[in-house]
There are 2 protein chains.
Amino acid sequence: MKKPGILIVISGPSGAGKGTLAKALMRKREGIELSISATTREKRPGEHDGVTYYYLQEEEFLGKINQGLFLEYAKVYDHYYGTIKEKVLQALENNIDVILEIDIQGALQIKQSYSDAVFIFVLPPSLEVLKERIFCRDREPLEEIEKRLNEVKNELTYIDEYDYVVINDEIEEAVRQLECIIEAEKCKSNHRFFNFDFKGE
Amino acid sequence: MKKPGILIVISGPSGAGKGTLAKALMRKREGIELSISATTREKRPGEHDGVTYYYLQEEEFLGKINQGLFLEYAKVYDHYYGTIKEKVLQALENNIDVILEIDIQGALQIKQSYSDAVFIFVLPPSLEVLKERIFCRDREPLEEIEKRLNEVKNELTYIDEYDYVVINDEIEEAVRQLECIIEAEKCKSNHRFFNFDFKGE
C-alpha cells in the first residue's frame, strides 16, 4: 500500500498570486499536479479540453451533480464550474499531490466532501500592494478596484477556516513555505504509513 | 507585538537520534534553542549549572512543584527532573523557538500545560537499525537490548498523541523535515500574526 497524495486547496484574493505560486510549485516538485475544473461554458479559441477545462454540456453537468460526482461546484452567472471527484481521487491514490485553486465557497464544500485536504489561504503582503497589482495587471478603473478590495476584506473573515496562511511577498519565499507545508503534512502522524518493519519484529 | 516562538516537543526511543537531530537543527537555524532541564541529582565532573542542567536542592524542587512552576516533571529513581515554565515561556515570548527533548510521560504533561506545543516523534527506520545503533553505541548485552526494544514497541502505541512522525534514516533528510515542520507551523492560520496593513485600510 502506498501513501496517498495530499489534496492542497489554495484560495485567496485575485491578485494574491495563487496561480503563479501553484505553477512555481509544480516546476520545483515532482508528483504534484493542478486539478482541471469542469465547466459548461463554451470553449474559447486557444483553450483545450482536458487542459484548460473539461467542457461539459449543461445536462451532463447537472447529471453529475445529481450523482454526487463533484467534490465541489458552483454556478457563476450562467455557467457551472466544478471539480470532478474521480479525477482528483485517482491522482491521490496514485500518490500524486493535487492542487485545487478555488474560491472560498468551493473550499468550504471540499471541507465537507474531503476533510483530509489541506487548506491554504494566500495573501499579498498588504492591501496597498494588492491594489497596485490589480491596477498594474488588470488596468481596472479605481472604482472597480475599491469594490474588489472590499470583497477581499470580506474574504479575510474566512481565514480561520484555512489551516495555513502564506503571505506572497517574495515568490521564492512563498513557494518555499508551500513546499514546507506539503512536507510537514506528509510527516503528520495520521498521514504516515508505517511500512518499516516495526510490526514484523 | 511579535509572533511568539514555537515550543517543539521531541520524543522517541533512545537510539532514534533525537539529540543529534536537535543539535543539527540548531546549527542550521537561527532563533532556536534547546531547553535545559532542572534536576535534583548531583552535578558530575564536567557539567555546568545552566548548561547541562539547572541543579536544585530537593526542597527547592518540591517547592516549585507546589507552586506549579514546572511545565512537566518526573521522579526517576531517586531524583527529580523537570522543565521550568518561566525559562521556556520567556524564550517563546522573545520569538525564540524552544526544543524540548523529553520522554512520552513528560510530553503528555506538556499537552496539558502548554497545548500550543508541537509534538514530534522521532523514529529509526526500523527496529533492526535501532538494534544495531544501540549495540554499536552502548555495547549493551543482548538481553538488555531486547528489553529496550520491547519498551520501544510499547512507546509506539503513543504515536497518535504526537502531531508528526520523523523517521531518522538519513540525518540531512530528517533535519530538513524538522525544519519544514517548524516553517509550516509558523504558517498555521492560528499562529500567524497579521501585522500587515489589512486592518488599517
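Check the entry above for the structure.
Report follows, based on the coordinates. Note that the structure is a prediction, hence the values are computed from the model and not measured. (Residues numbered from 1 in each chain as written. Chains lettered and ligands numbered in written order. Predicted model: local features only at pLDDT ≥ 70, side-chain atom pairs only at ≥ 80, totals over all residues.)

## Points about the sheet that holds strand β2 (residues 32-34) of chain B
All names here are of chain B. Cut-off, in case you're wondering: Pairing between two strands is assigned when DSSP locates at least 2 bridges connecting them. Secondary structure elements are defined from DSSP: runs of H or I of at least 4 residues count as helices, runs of E of at least 2 residues count as strands, and each element is numbered from the N terminus. For helices, the fitted line uses only the C-alpha atoms of the stretch in contact; every axis is such a line through C-alpha atoms, and the angle between N-to-C directions lies from 0 to 180 degrees. Our contact criterion uses C-beta atoms placed from the backbone: two residues qualify when those atoms are within 7 Å.
Read across the sheet, five strands follow the order β2-β7-β1-β8-β9 without closing on themselves; strand pairing throughout is parallel. If you trace the sheet from one side to the other, it starts and ends with β2 and β9 (164-167), each paired once. Along the sheet, successive strands turn relative to each other by an average axial angle of 25°, direction set aside. Here strand β8 (residues 118-123) runs beside β9; their pairing, made up of four bridges, is parallel. Bridge pairing links F121 to V165 in β9. Sheet strands touched by helix α3 (residues 85-93): β1 (7-11), β2 and β7 (97-101). Its angle to β7, the strand with the most contacts, is close to 145°.

## So, the packing of helix α7 (residues 171-187) of chain A against helix α7 (residues 171-187) of chain B
Worth spelling out the cut-off: By definition in this entry, angles of less than 35 degrees are roughly parallel, angles greater than 145 are roughly antiparallel, angles of 65 to 115 are roughly perpendicular, and the rest are oblique. When the near helix sits turned anticlockwise from the far one by under a right angle, the crossing is termed left-handed; a clockwise turn instead gives a right-handed crossing. Under this grouping Gly is polar, as are all residues other than the nonpolar Ala, Val, Leu, Ile, Met, Phe, Trp, Tyr, Cys and Pro and the charged Asp, Glu, Lys and Arg.
The contact between α7(A) and α7(B) brings their axes to 8 Å, and the two run at 110°. Between α7(A) and α7(B), the angle falls in the class roughly perpendicular. Crossing hand, α7(A) versus α7(B): left-handed. Note on element contacts: α7(B) touches α7(A) through Q177(B), C180(B), I181(B), E183(B), A184(B) and C187(B), opposite Q177(A), C180(A), I181(A), E183(A), A184(A) and C187(A). Each residue belonging to the contact of α7(A) with α7(B) can be placed in one class, and the counts come to eight nonpolar, two polar and two charged.

## Observations concerning the sheet that holds strand β4 (residues 54-55) of chain B
Residues and elements named next belong to chain B. Taken in spatial order, the four strands make up an open sheet running β4-β3-β6-β5, and their pairing is mixed. For this open sheet the edge positions go to β4 and β5 (70-76), each flanked by a neighbour on one side alone. When strand β3 (residues 38-39) meets β4, the two strands line up parallel, connected through two bridges. Paired with A38 across the strands is Y54, a residue of β4.

## As for the interface of chain A and chain B
Counting from both sides, the interface comprises 26 residues of chain A and, opposite them, 26 residues of chain B. Going through the elements one at a time, α5 (127-138), β9 (164-167) and α7 of chain A are the ones with two or more residues in the side of chain A that touches chain B. The element contributing the most residues to the side of chain A that touches chain B is α7(A), with six residues. Its residues placed into classes, the side of chain A that touches chain B shows 15 nonpolar, three polar and eight charged.

## A closer look at the nonpolar core
Formally: Note on terminology: a nonpolar core is a set of buried residues of type Ala, Val, Leu, Ile, Met, Phe, Trp, Tyr or Cys, with members joined through C-beta atoms within 7 Å. Each residue is classified by how many other C-beta atoms fall within 10 Å of its C-beta atom, where C-beta atoms are placed from the backbone; a count of 20 or more means buried, 12 or fewer means exposed, and values in between mean partly exposed.
By size, the foremost hydrophobic cluster in this structure holds 90 residues, and its most contacted members are I8(A), V9(A), I120(A), I8(B), V9(B) and I120(B). If we ignore the near neighbours within four places in the chain, the residues touching I8(B) are D97(B), V98(B), I99(B), L100(B), V118(B), I120(B) and I182(B).

## Remarks on the relation of the copies chain A and chain B
The test is simple: Superposing the copies works by least squares over the C-alpha atoms of residues that have pLDDT at least 70 in both of them.
By a simple turn and slide, chain A fits onto chain B: the slide is 0.0 Å along the axis, the RMSD is 0.0 Å, and the turn is 180°. Classification of the inter-copy transformation places it as that of a two-fold axis. No C-alpha of chain A lies nearer the rotation axis than that of C180(A), which sits 2.2 Å from it. When the interface residues of chain A are mapped onto chain B, 100% of them again lie at the interface, so the same face is used by both copies.

Read these as spatial facts, not as claims about activity.
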